[in-house]
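What follows is the residue order along each chain.
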Amino acid sequence: FSDEMVELLLFALEDLRQLLQQQGSNLMIKFGVAENVIIELAKEVNPTHVFIEQEVEHELCMMLENVNKSLSSCLLGLTPEVITWKTPFYDNLVDILPWSFEDFQKMKLPIASPVVELPRLPASGVDFPWGDLPSLAELKQYTSNDVVQEEWSSITRLSAMDQLRKKRRPISESRELLEDEQPRKKEKRRKPQESAFITSQEKSVGGGATRVLNAFAAYLRYLEGTARDEWQEVHEKLRVTEKRQGASFDALFRPALLLGIISKRQVYFEAIKYERERNGGFLSPFGYSTTTVAAAIDSVSSMEWYWLLALKSLRYKNKSSSIRIYQWKNYIVQYTVADRHKGPNFLLVHGFGAFLEHYRDNIHPLAEGGNNVWAITLLGYGKSEKPNMVYTELVWAELLRDFIVEVIQEPVHLVGNSIGGYVVAIVACLWPTLAKSVVLVNSSGNAVPEYNPAFSESKDRRISAEAWFGARFLQTYFRFNIKNTVKSFYPKRSDRADDWLVNEMTRSLNDPGAIFILESIFSLDLSIPLNYLVKNIEKTVLIIQGMRDPLLDSQAKLTMLKEHCKGITVKEIDAGHCPHDELPSDVNLMIMEWVESLE
């Protein structure tokens, strides 16, 4: 959790404790390893039932599994029944959930109604030490001994943009940079008494359920105007976070949804209720009457789809990999690992339109040499979540940085194809301690002689009208031509562009939010040349180039790279844009020999 999320958590716990006390119960606060704390409490109260919330994030799933095992082995007498608790949109349909969102929509499942009347809860009957809510400082002090290496803790504090600015600025401007990094003083204004922006950063809505629902009511009624101070504050935040149409809902309300302050189905029914009020009790078959209603309903529906897809992915195991979930900035990201606990770590990053399974014949062959091989599906691709946001190469670089720091927790050999290659080059450039080496497989980006690194890029990227229309044209084009397009990337072995690969790309293309990633084609900034990104690390850079890449002149690109990236190693291969999947055995051998020479 970020500092703001921890603050929101504390406010949510305070509200939850008050709600439980009103219903005749209470909330216990304890510190410690969850497995140990829960087992000790279970020994004390000898429970008949233990309720656990349904989770998909890998570390939480492991914790719950350990609790379950401990309950079975540590308690004398009858083992308590463990019951999974959830608040889904729909009934339990994971077993019948189709992989395709289009097929899912055809099921036309009704959405479960939220609970209206809160039941009275039985009193504990025992005077337990319920514990006190800690302050933010106390909680941060308690969690300061996290397993993440202390020397890496500062790496994630600066954004990729700020790190890039820092790298590009001349030393003479260092004082100005330090001033830029300090939080700017905001003009003092009177804070509304019922404000839902309760954290020090004031970015996201929080507090109790009543306060969050009041803020949501203000959000829905953005077009109506208001004299209420706290509603005006919500409208102001909406305008700031609306980077593209509808993106403000996620930015403002997703943390409250993640913490359970309000539920997805509660948001859905409140939005539908308001829509009926606007339309005399009717719902139009042609869409919603305001962008805020559409944003709220689309967002929670999309969140539920990716949650269900994550549950299905965790249950489904194929011959090449088993899926794990990493929650990054409150979004679901899928990854896998072939872990042999011996050799170095590899992190494989796919290209545009692909996913971790594109390394289907690389993950396990590379791991068989005694290596730990990780592969990730970037946010916006495959079965990872596709939230309403502006995707950039720096967003993906920050995702990889945080994944290495928080999950792998050791330096890695970065391997990237296409746009994935460009992103791993950014990671190695901005945070060199994370990368042992970089392998660029038909990477995006070029070499630019006499590149001037003077910083001129705006922090804000918004979607233009051209990008909006272009993305929708591409989506239509790919629906009818994706098979031929993919086959053109495999000139040596077109059989590798098989039905499975084409069908999975088509499936992803029809996911909710897929249009946002297509829009990013027109907003990605590849102006930072590869020779600048790999400067000072050339001797740890391997370039594998498919010489029959239909997207560019491979020979001309290699000539420029060799001239302006002194010290890099180049391997040419008779393949197209995706050599790692077209000729996996050859590429695996190149990578293994490269890493062995470095190690």
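Residues numbered from 1 in each chain as written. Predicted model: local features only at pLDDT ≥ 70, side-chain atom pairs only at ≥ 80, totals over all residues. Heavy atoms only, no water.

- Labelled according to an unreviewed UniProt entry, the chain appears under the name Photolyase/cryptochrome alpha/beta domain-containing protein, originating from Genlisea aurea.

### Some remarks on unusual backbone geometry
Here's step 1: The backbone of N46 sits at a positive phi, close to 50 degrees, despite the residue not being glycine.
Here's step 2: The topology assignment puts N46 in the loop between helix 2 (34-45) and strand 1 (49-53).
Here's step 3: Even without glycine at this site, N442 takes up a positive phi of about 45 degrees.
Here's step 4: Take N442: its relative accessible area is 2%, and that puts it in the buried class. (Helix = DSSP H or I, 4+ residues; strand = E, 2+ residues; numbered from the N terminus. Buried < 20%, exposed > 50% of the residue type's maximum accessible area, 1.4 Å probe, protein only.)

### Here's the deal with the packing of helix 8 (residues 209-220) against helix 12 (residues 291-315)
Here's step 1: At their nearest, the axes of helix 8 and helix 12 sit 8 Å apart, and the two run at 130 degrees to each other. Comparing the axis directions of helix 8 and helix 12 gives the class oblique. From helix 8, F216, Y219 and L220 reach across to helix 12, where they touch T292, V293, A295 and A296.
Here's step 2: Classifying every residue of the contact of helix 8 with helix 12 gives 6 nonpolar, 1 polar and no charged. (Axes fitted to C-alpha atoms, helices over the stretch in contact; angles between N-to-C directions. Parallel < 35°, antiparallel > 145°, perpendicular 65-115°, else oblique. Contact = heavy atoms within 4.5 Å. Nonpolar A, V, L, I, M, F, W, Y, C, P; charged D, E, K, R; others polar.)

### A look at the sheet that holds strand 5 (residues 345-349)
Strands pair in a sheet through their backbones, by hydrogen bonds, and they do so in one of two ways: parallel or antiparallel.
Here's step 1: A sheet is described by the order of its strands in space; here 8 strands give the open sequence 3-4-6-5-7-8-9-10, paired in mixed fashion. The open sheet is flanked by strand 3 (324-328) and strand 10 (569-573), the only strands paired with a single partner. Strand-to-strand twist in this sheet, taken as the mean axis angle between neighbours without regard to direction, amounts to 20 degrees.
Here's step 2: Looking at chain direction, strand 7 (residues 412-418) and strand 8 (residues 435-443) are connected through 7 bridges and run parallel. Bridge pairing in strand 8 places G416 opposite L440. (Pairing = 2+ DSSP bridges.)

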